[in-house]
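In case you want the letters, here they are:
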Amino acid sequence: MLHSARLDPEEGGGAMTIRNPRDFWAGVMFVAFGLAFVLIAAGTPAFLDPVLGALKVPGYQIGSAVRMGPAYFPIVLGGLLATLGAVILARGFVSGRSGEEVRLTLPFNLLDLVIGLGTFALLLAYGDRVGLSLDGAMLAAAVVVSLLAVRWRPSAKPLVLILAGCLAFGYTLKPLGLVGASLLLIFISALGGHEFKWREVAILFVVLVVFSVLVFVKGLTLPFPVCPGFIDNCPIR
Amino acid sequence: MEGILGNLGIGFVEVFKLQAVTIAGVSMTLPFNILMCLIGVMLGTLIGVLPGVGPVATIAMLLPVTFNLNPIAALIMLAGIYYGAQYGGSTSAILVNLPGESASVVTCLDGYQMARRGRAGPALATAAIGSFVAGCVATLVVALFAPPLAEVALKFGPSEYFSLMVLGLVAATVLAHGSLVKAIAMVLFGLLLGLIGTDVNSGVLRFAFGVSELADGIGFTTVAMGMFGLAEIIANLEQKGEREVFTGKVTHLMPTREDFKRIWAPILRGTALGSMLGILPGGGALLSSFGAYTLEKKISKNSHEFGKGAIEGVAAPESANNAGAQTSFIPLLTLGIPGNAVMALMLGAMMIQGIAPGPQVMTERPQLFWGMIASMWVGNLMLVVLNLPLIGMWIKLLTVPYRILYPSILLFMCVGVYSLSNNPFDVLLMALFGLLGYICVKLECEPAPMILGFILGPLMEENLRRAMLLSRGDPLVFFQKPISAGFLVVSIILLVIVMLPNIRKKREEVFVEEAT
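No experiment lies behind these values; they were computed from the predicted model shown.

1. Notes on the overall build of chain A
The helix and strand tally for chain A stands at seven helices and zero strands. Its helices and strands in sequence order give chain A the pattern α-α-α-α-α-α-α, from N to C terminus. Buried positions account for 42% of the 237 residues belonging to chain A. Taking as baseline every contact in chain A between residues at least 6 positions apart, the subset at least 24 positions apart corresponds to 57%.

Quick look at the structure:
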């Protein structure tokens, strides 16, 4: 069974039904990104300063058409993007392709996305309070989100475990060396597939590590540590 | 004509030149460039055969490796990967009914049907012969058209460049699959993402949120690997179902006399169409193969056989994609403007080597320019000579299950991204773009136009600023200069044509047809 949380909140509601959720959410995404770029480039309006306080965004210089400042081009583009986004969003209510209903099946919903990204934000911002380094915090967040996905959103496993595996590799390469980092990457990402066979993955890991050490470290002389930092006498340097 | 032969001569000398190189501490004298060409085309065939690994991700992975090579060897190898992938893609399309490479999607239609009727051999040979003919013709096209184009391009000012880029982006959206409005929105989104980093004119750090790693902007390699590589792997894993490798033995490689009669015209038509579509900004191998198949289906007298194993349906698109792959180097080499994602990576590779792409490359570095073009012909020859005998090996490779393949691809991608600046931040960015790419696929937003926008963003802003400064803020300058006005008028005409209700319906039909 493929679990699929649907993203449209207005399911079955009156005249304002979202006919094409793919258009609707694409529109939402474009409007959000467009406005974000305009807001950061132009800054928040001055009359809001007392309300926003420290949250105020200063913005960049706009300049004139003759001498464009750093904010000119982004504001134009961002405005266009938000406008087009609004058109696409509106189309989501009008068009369904030739009468049939268009479904959007994402293996996660908006709340999941917020929880996932929030986990990373929280651990990165406050990880040092519980004694986690940046690398540790990133690894911890990747593991937490992976566990959440495996437990509650099995259909999101490919997405979450592949991304988590990459992060685990990147942030453990220095402390754990190429051997440790690829161990994490290969096992985490292999768990994201349909079948997981211990022996097969273990053999794959050994082959890939030998290959990477020979090609990347020896052949191309990439400055990667091979063994974990806590092993003092590493056979390969 | 004589000039061209002379120029190609310079190129061939460069390709076969002996060089003193040091490999793993041992120095020796080798024809290094031709070796890199061989490695490139073999790698290209390999990734072309394997479904789920495209040339974009591979070239992106190998970019850091090319730091240590000399510029000519690096570019020859990377180019080999692109057109080598067009050869390899047909193998898995014909034998497994899976496009190993996106440009081979249409080859599946008739190629697999031929294989099911026991004619896999002739289908593979047709693809190889078509690709070789196309490769030879396209090499000549590049050699003939690049010099005059570069001469025109030398006269371009900022307004011409700006308008040309507008045309390129419009063409990319018009030719993208699916909704036009979404494609334009993706271009704008890409342009905005390209602006992240330090503004060249004012030195202001834009959209960086205080992250020092973003000062130089987001690396194109990172974006490409996330949006194409990661998103593709995730999408593949979500689809259940094992692929079936065509088990029947491949016998009788050579097409019959009857086959040859049927394929020579489609090969030439495919080559011609592919060469033209490849030059267009936003064009390249993918568009060429789709275009050639549609054309052939329209005009062939065997059109009733299409979809049931017509040999023309293999010959035309396979010739076209190879021709398109090669001629798409023309805008990059003469104007310094990449027409598609692979060319954008090549542009990146040139910049890494300290070469500013543009019309001056041909006059300032003739060895590099003509060496690359000559290498394309040599590479094509190597492909056709090596690949037909090696077909058994490629078939074996296809039996490797995806659950073994994808962790390996992931590892190589991560190593490649990490080594860009020895910083885990790039891996984080790649993961973020993987998520974005996945969401875009689900929302039916094509990533290709966005990638093009991402590359052109800073260039467009730069040229817009200069043009406006020169014209004292008068935006009409873009319509007063004839060349610039021409580009803009063509862009507007393209957009209007696509929005006409009739054409719009047709366009949707074409894409629906291709998708099934």
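Still more ground to cover, so stick around.
2. Observations regarding the overall build of chain B
A count of helices and strands for chain B gives 23 helices and four strands. Taken against the 2.2 N^0.38 rule, which gives 24 Å for 516 residues, the C-alpha radius of gyration of chain B at 22 Å falls within 12% of a compact globule. Judged by the C-alpha coordinates and their principal axes, chain B covers about 70 × 65 × 55 Å. For chain B, the residues scored as buried account for 61% of the 516 residues in total. Long-range contacts, defined as pairs at least 24 residues apart, comprise 77% of the intrachain contacts of chain B with a sequence gap of at least 6. Summed over its atoms, the accessible surface of chain B is roughly 19,300 Å², and 66% of this surface lies on carbon and sulfur atoms. Between the centroid of the 30 positive side chains of chain B and the centroid of its 30 negative side chains there is a distance of 7 Å.

3. Digging into the interface of chain B and chain A
Each partner contributes residues to the interface: chain B has 67 residues there, and chain A has 67 residues. Taken together, both faces of the contact between chain B and chain A bury some 6,100 Å²; the carbon and sulfur share is 79%. Along the contact surface separating chain B from chain A lie three salt bridges. The residue A:R22 makes a salt bridge to B:E444 at a minimum N-O spacing of 2.9 Å. At the boundary of chain B with chain A, the tally comes to eleven residue pairs in polar contact (both at pLDDT 80 or more).

4. Re the confidence of the model for chain B
Interpretation of the predicted coordinates at a detailed level should be avoided for regions scoring low in pLDDT. Residues with a pLDDT of 70 or more make up 91% of chain B, whose mean pLDDT is 82. Scoring of the predicted complex yields 0.83 for pTM and 0.88 for ipTM.

5. Notes on the nonpolar core
A:F30, A:F169, B:L78, B:F329, B:M346 and B:F433 are the most contacted members of the largest nonpolar core, which totals 223 residues. The dominant element in this core, judged by the number of residues it contributes, is helix α6 (residues 157–191) of chain A, at 19 residues. Beyond its immediate sequence surroundings of up to four residues, A:F30 is in contact with A:L81, A:A82, A:G85, A:I88, B:K182, B:A185, B:M186 and B:C445. Of all hydrophobic cores here, the second largest spans five residues; its members include B:V106, B:F290, B:Y293 and B:F306.

6. As for the side chain of B:S159
All names here are of chain B. On the secondary structure map, S159 appears in helix α7 (residues 158–175). Judged by its relative accessible area of 3%, S159 is buried. Excluding residues within four positions of it along the chain, S159 makes contact with A467, F478, K481 and S484.

7. Things to note about a nonpolar patch on the surface
Residues and elements named next belong to chain B. Taken together, L476, F479, V489, I492, I493, V496, I497 and L500 make up a surface patch of nonpolar side chains, about 680 Å² in accessible area. The biggest single contributor to the nonpolar patch is helix α22 (residues 482–499), with five residues. Residue position: I492 is located in helix α22.

8. Considering the packing of aromatic side chains
Residues and elements named next belong to chain A. Enumeration according to the criterion identifies 19 aromatic pairs over all chains in this entry. With a centroid separation of 5.6 Å and an interplanar angle of 40 degrees, the aromatic rings of F187 and W198 are classed as tilted. Placement of F187 in helix α6 and of W198 in helix α7 (residues 198–219) is noted, with a sequence separation of eleven residues between them. For F187, a relative accessible area of 17% corresponds to the buried category.

9. Quick look at the packing of helix α2 (residues 32–49) of chain B against helix α4 (residues 71–96) of chain B
The relative placement of two packed helices comes down to the angle between their axes together with the axis-to-axis distance. All names here are of chain B. Orientation of α2 relative to α4, taken along the N-to-C sense of each, is 30 degrees, at an axis distance of 5 Å. Relative to α4, the element α2 lies roughly parallel. Here α2 and α4 pass one another in a crossing that is right-handed. Here the contact of α2 with α4 is built from residues that sort into 15 nonpolar, eleven polar and no charged.

10. Looking at empty space enclosed by the protein
Residues and elements named next belong to chain B. The tally for this structure, following the rule as stated, stands at two cavities of 30 Å³ or more. Taken as a whole, the largest cavity encloses approximately 100 Å³ of empty space. Lining of the largest cavity is provided by T45, Y87, G88, S90, T91, L124, A127, A128, N387, L388, I391 and W394. Of all elements in the fold, only α4, α6 (120–154) and α17 (391–398) reach the threshold of two or more residues within the lining of the largest cavity. Split into classes, the residues belonging to the lining of the largest cavity amount to seven nonpolar, five polar and no charged.

11. Considerations on unusual backbone geometry
Residues and elements named next belong to chain B. Residues other than glycine seldom take positive phi values, yet F207 does so here, at roughly 50 degrees. Of note, F207 is situated in the loop between β4 (205–206) and α9 (220–238). Looking at F207, the relative accessible area reads 3%, which means it is buried. At E444, a position not held by glycine, the phi torsion is positive, near 60 degrees. Along the polypeptide, E444 turns up in the loop between α19 (424–442) and α20 (447–470). A relative accessible area of 35% places E444 in the partly exposed class.

12. Some points on the side chain of B:T126
Along the chain, the position of B:T126 falls in helix α6. Excluding residues within four positions of it along the chain, B:T126 makes contact with B:P255, B:I263, B:I311 and B:A315.

13. A few points about helix α1 (residues 21–42) of chain A
Between its terminal C-alpha atoms α1(A) stretches 31 Å, which fits the 32 Å expected from 22 residues at 1.5 Å a residue. Buried within α1(A) we find A:P21, A:R22, A:D23, A:F24, A:W25, A:A26, A:G27, A:M29, A:F30, A:G34, A:F37 and A:A41. Summarising the contacts, the buried residues of α1(A) are in contact with α3 (72–94) and α4 (110–126) of chain A together with α8 (180–194) and α19 of chain B. In the stretch just after α1(A), A:G43 is the one whose phi turns positive, near 85 degrees.

14. Examining the pattern of salt bridges
In total, this model carries 15 salt bridges over all chains according to the counting rule given. Residues participating in the shared-partner salt-bridge network are B:D199, B:R206, B:E461 and B:R465.

15. Comments concerning α3(A)
Between the first and last C-alpha of α3(A) there are 34 Å, a value that for 23 residues agrees with the 33 Å anticipated at 1.5 Å per step. For α3(A), the set of buried residues is A:F73, A:P74, A:L77, A:G78, A:L81, A:A82, A:L84, A:G85, A:I88 and A:G92. Lining the buried residues of α3(A) we find α1 of chain A together with α8, β4 and α20 of chain B.

Quick notes on the rules
Starting from 1, residues in each chain are numbered consecutively following that chain's sequence as written. Going through the entries in the order they are written, you letter the chains from A and number the ligands from 1. In keeping with the predicted nature of the model, local features appear solely for residues at pLDDT of at least 70, side-chain atom pairs appear and are counted solely at 80 or more, and the whole-chain, interface and lining totals rest on all residues. To obtain the side-chain values, all non-hydrogen atoms of the structure were used and water was disregarded. A helix here means a DSSP run of H or I that spans at least four residues, while a strand means a run of E at least two residues long, and both kinds are numbered starting from the N terminus. Three exposure classes are used, based on accessible area relative to the maximum for each residue type with a 1.4 Å probe and protein chains only: buried under 20%, partly exposed in between, and exposed over 50%. Two residues qualify as a contact provided that any one of their heavy atoms is within 4.5 Å of a heavy atom in the partner residue. Radius of gyration: C-alpha atoms only; globule rule: 2.2 Å multiplied by the number of residues to the exponent 0.38. The Shrake-Rupley method, run with a 1.4 Å probe sphere, supplies the accessible areas, and residue values consider only the shown protein chains as cover. Charged residues are defined here as Lys and Arg on the positive side and Asp and Glu on the negative side; His and the ends of the chain fall outside this count. Positions of charges follow a simple convention, taking NZ of Lys, CZ of Arg, CG of Asp or CD of Glu. A quick way to say it: buried area is the sum, across both parts, of accessible area lost when two parts are put together, with a 1.4 Å probe. When a carboxyl oxygen of Asp or Glu is within 4 Å of a side-chain nitrogen of Lys or Arg, the pair counts as a salt bridge. Polar contact criterion, stated in full: a pair of N or O atoms within 3.5 Å, where within protein one must be able to donate a hydrogen and the other to accept it, and residues adjacent in sequence count only if both atoms are side-chain atoms. Residue-level confidence of the predictor is summarised by pLDDT, bounded by 0 at the bottom and 100 at the top. Nine residue types can take part in a nonpolar core, namely buried Ala, Val, Leu, Ile, Met, Phe, Trp, Tyr and Cys, and a core is a set of them joined through side-chain atoms within 4.5 Å. Like charges are joined within 9 Å and nonpolar side chains (Val, Leu, Ile, Met, Phe, Trp, Tyr) within 5 Å, but only among residues with over 30% relative accessible area and no salt bridge; these make up the patches. Stacked, tilted and edge-to-face are the three classes assigned to paired rings of Phe, Tyr and Trp, where Trp is represented by its six-membered ring and a pair needs centres within 6.5 Å; plane angles under 30 degrees give stacked, over 60 edge-to-face, the rest tilted. Lines are fitted to the C-alpha atoms to define the axes, a helix being fitted only along its stretch in contact, and any angle between axes, read from their N-to-C directions, falls within 0 to 180 degrees. Should an angle fall under 35 degrees it is taken as roughly parallel, and over 145 as roughly antiparallel, whereas 65 to 115 is taken as roughly perpendicular and any remaining angle as oblique. The hand of a helix crossing depends on one turn: near helix anticlockwise from the far one by less than a right angle means left-handed, and clockwise means right-handed. We call Asp, Glu, Lys and Arg charged. Ala, Val, Leu, Ile, Met, Phe, Trp, Tyr, Cys and Pro are nonpolar, and the rest, Gly among them, are polar. Both site types are read off a 1 Å grid over the protein atoms alone. A 1.4 Å probe that fits but cannot get out defines a cavity, while an open set with protein on both sides within 12 Å along at least five of seven lines defines a pocket; lining residues have an atom within 4 Å of a point. Grid points are joined across faces, edges and corners, and a volume is the space filled by probe spheres set on the points. Working rule for helices: expected span equals 1.5 Å times residues minus one.

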